[in-house]
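Breakdown of the fold
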Amino acid sequence: MMERKLTILYGSQSGTAQDLAEQIWRESKMYFFRGNVLPMDEYDVSELIGERFVVCVCSTYGQGEEPDNMKRFWKFLLRKSLPTDSLQQVHFAVLGLGDSRYPKFNYVAKKLHKRLLQLGGSALLPVGLCDDQHDLGYGAVFLPWLDQLWDELVRIVPFPAGTHKLPESPREFRWNVDIVKEAKQQAGEIDLYADVKMPNGFQTMVVENRRTTAVDHFQDVRMITFEKKAVPWCPGDVLYVRPHNSSESIDQLFELFNQHEINVGRETVVQVKAIDSEMPVPSILQRALPLLAIAEQYWDLTAIPRARAFAVLAKNCTNELEREKLIEFSRYEGQEELFSYANRPRRTILEVLQDFPHATKCLTLEALFELFQPIKPRAFSIASAVESGKLQILVAVIEYKTKLSVPRRGLCSHWLKRLTPGQVINAWVRKSTFQLPADNKIPLVMIGPGTGLAPFRGILQERELSETPTSAPLVLFFGCRSSTADFHCEEDLKRMEQSGMLQLFCAFSRDQPDKVYVQHLIKKQGVLLKKLLVENGGYVLLSGSSKNMPQAVKEALVEAIGDAQYIEDMIQANRYQEETWA
């Protein structure tokens, strides 16, 4: 009789791969499997040869990079010395999370799948390639892939005699949560992440938080300056921060608890406890904590809930109508309805709780830790050079209307907007996905509309402040709405242009009757671009919104130099690089 052990490993940059790995783990209990769910780097990779069944869930970010918490695991697997039959009794399945707008779509999952085959493993099913661009999100690929996985596993290890698949997972919750009666703590003093050591992590103080757009401009963009720390960075590198929820959201949450007679408040102190070793409690939740600290720093109160949240709400709901709707949203067949209800209007988890009062009434502390996703860190390109003595980021404050009456607001950008000089925050620096040529005589053509300017301002500032004057032609295509409303870093760019170090092309889309964007200016610069890119082997660096701009720019470059294949070759040679965000 083959042992029913399934090891689930994930490589997750922002937390989504972890969520999906935990969902696989939860469902595995319906099929009587046991086994851990772990980040790849916390798993002892030398044990891999002794496994029978392994599922790997991993995301790809940037230019085909693997997440931080799978780097060691991946390095080990790539060792030349590993025999090609090391994993001959391992059955594996790989699920990838990616974004098809990037040239290296799901690169990490594809590489991992291939490497496990090379080492003698046998694939339970083809690699699953989830795409963030799909209308229904990752679920479109994930849910059918998961059904296929269970079919395959049950075929290899049938159910023990007299047992059948359970109708629902016996492990409904990750952890137990107790209320600690006599604890008295000042929530205001607690920093949940104080002891979490990030590579290149540091604390830094806000020096200035200045609006860079005109007061009457529709968008508030901020240049936020932090004091420079001993942690070095290179041009194009990225600053990560983890925001807190707004006091309005926190008030709303405790108001909901109050309305629905859920007997907990801000001062209630809770202790999260592991049920077993398969699902350990994260280090930041291992001490007794007031709910206020958890609501402010851990639960993302503005997240758009996924199918899993609706399953949790349906669990104890006593109202038939609500329960039916919740179950529909939680199932694969209901994903289109869920998309229209939650994703399209960007409905937050707090608004969902207001829409389903009967379900909300039945929530327990354990259920709350399933319902709320942890707040994920957010990344911003660093807009300054180390030599400037300042660490600066350029942040567009996100606020827009949907069919819902209350405007949607970006959790992190609103948190950053409210920071005041003197406040101290935790942050860490990561390498950029941009790889600049080592030889700084190679021309750079930079394309950065809006806040896409940030990494280029860092690159330009470094060249301007360096001991050796730059000899490479530096070209920047910048775009915004108006030369008077949202021309970020105008003084810097004009100064660099006047000194002859920079050739600047600005597209002000609304300053004339016909809209002009960066791609229109690129099309007109064929002679210059051919010289820089084709004759002198220059690089193209593009940064900004991932919506339509990258495709439009690529088409404009093809038109400008008159050679589509050349642009494809540049992409392959990593001389055409994009850093975009949704």
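Since this is a predicted model, take the numbers as computed values, not measurements.

Observations concerning the overall build of the chain
When helices and strands are tallied, the chain shows 19 helices and 22 strands. For 582 residues, the compact-globule estimate of 2.2 N^0.38 gives 25 Å, and the C-alpha radius of gyration of the chain, at 26 Å, lies within 12% of that figure. In terms of overall dimensions, the chain has C-alpha extents of about 80 × 60 × 45 Å along its principal axes. Counting every position in the chain, which comprises 582 residues, the buried fraction comes to 54%.

Some words on the pattern of salt bridges
One pass over the full model with this rule turns up 32 salt bridges. The salt bridge involving Asp 300 is made with Arg 378; its shortest N-O contact spans 4.0 Å. Within this pair, whereas Asp 300 is found in the loop between helix H6 (291–297) and helix H7 (307–315), its partner Arg 378 is found in strand E13 (residues 378–381), the two being separated by 78 residues in sequence. For Arg 378, a relative accessible area of 25% puts it in the partly exposed group. Here Arg 408 ties to Glu 351 by a salt bridge, and the two come within 2.7 Å at their closest N and O atoms.

Let's talk about the UniProt feature "binding site: NADP(+)" (unreviewed entry) in the chain
As annotated in UniProt, the feature "binding site: NADP(+)" (unreviewed entry) corresponds to Thr 451, Ser 509, Arg 510, Lys 515, Val 516, Tyr 517, Val 518 and Gln 519 in the numbering used here. Within the element layout of this structure, Ser 509 appears in the loop between strand E20 (502–508) and helix H16 (518–524). We classify Ser 509 as buried; its relative accessible area is 5%. Dropping the residues within four chain positions of it, Ser 509 is found in contact with Cys 480, Arg 481, Asp 514, Lys 515, Val 516 and Tyr 517. Counting through the fold element by element, Val 516 comes out in the loop between E20 and H16. Residue classification places Val 516 among the partly exposed residues on the basis of a relative accessible area of 23%. With residues near it in sequence (within four places) discarded, Val 516 still touches Ala 507, Phe 508, Ser 509 and Leu 521.

Points about unusual backbone geometry
Of all residues except glycine, most have a negative phi; of all peptide bonds, most are trans. Phi is positive for Arg 346, which is not a glycine, with a value near 60 degrees. Along the chain, Arg 346 turns up in the loop between helix H9 (335–343) and helix H10 (349–355). If you check the backbone angles, Cys 489 has positive phi at about 55 degrees while not being a glycine. Position of Cys 489 relative to the elements: it lies in the loop between strand E19 (474–480) and helix H15 (490–498).

Description of the domain arrangement of the chain
As far as domains go, the chain holds domain 1 (7–156), domain 2 (175–185 + 246–371), domain 3 (201–242 + 376–430) and domain 4 (444–580). Domain 1 and domain 3 are separated by 34 Å when their C-alpha centres are compared.

Considering the pairing of E19
Two faces, one strand: in a regular strand the side chains alternate between the faces of the sheet. With seven of seven residues buried, E19 lies mostly within the body of the structure. Here E19 shows a buried face lined by Leu 474, Leu 476, Phe 478 and Cys 480 and a second buried face lined by Val 475, Phe 477 and Gly 479. Across seven bridges, E19 lies against E20 in parallel orientation. Residue Phe 477 lies in a different strand from E20, and its bridge partner there is Phe 505. With H15 bridging E19 and its parallel neighbour E20, the resulting β-α-β unit is right-handed.

Let's talk about the UniProt feature "binding site: FAD" (unreviewed entry) in the chain
Listed under "binding site: FAD" (unreviewed entry) in the UniProt record, and renumbered for this structure, are Arg 346, Arg 378, Ala 379, Phe 380, Ser 381, Gly 410, Leu 411, Cys 412, Ser 413 and Trp 581. Across 236 residues, the annotated set is spatially dispersed, with a maximum C-alpha separation of 25.2 Å. Examined against the element boundaries, Ser 381 turns out to sit in strand E13. Once residues within four sequence positions are removed from consideration, Ser 381 is found in contact with Asp 237, Val 238, Gln 392, Ile 393, Ala 454, Pro 455 and Glu 579. Positionally, Trp 581 belongs in strand E22 (residues 576–581). Apart from the residues within four sequence positions on either side, Trp 581 is in contact with Thr 451, Gly 452, Ser 543, Gly 544, Ser 545 and Ser 546.

Here we look at H7
Burial analysis of H7 places seven of its nine residues in the buried class, the great majority of the element. Within H7, the full set of buried residues consists of Ala 307, Arg 308, Ala 309, Phe 310, Val 312, Leu 313 and Ala 314. Taken together, the buried residues of H7 touch helix H1 (16–28), helix H8 (320–330), H9, H10, helix H11 (357–361) and helix H12 (365–371).

Focus on the sheet that holds strand E11 (residues 269–274)
The strand order across the open sheet formed by three strands is E7-E11-E12, and the pairing between neighbours is antiparallel. On the outer flanks of this sheet lie strand E7 (175–180) and strand E12 (289–290), each paired with one strand and no other. Summarising the sheet, E7 and E11 pair through six bridges and their orientation is antiparallel. Along E11, the bridge assignment pairs Trp 175 with Ala 274.

The rules behind the values
- Residues numbered from 1 in each chain as written.
- Predicted model: local features only at pLDDT ≥ 70, side-chain atom pairs only at ≥ 80, totals over all residues.
- Heavy atoms only, no water.
- Helix = DSSP H or I, 4+ residues; strand = E, 2+ residues; numbered from the N terminus.
- Rg over C-alpha atoms; globule rule 2.2 N^0.38 Å.
- Buried < 20%, exposed > 50% of the residue type's maximum accessible area, 1.4 Å probe, protein only.
- Salt bridge = Lys/Arg side-chain N within 4 Å of Asp/Glu carboxyl O.
- UniProt positions renumbered as here; feature names shortened; annotations may be inferred.
- Contact = heavy atoms within 4.5 Å.
- Domains from an automatic or database assignment.
- Pairing = 2+ DSSP bridges.
- Right-handed = clockwise from strand over helix to strand, strands pointing away.

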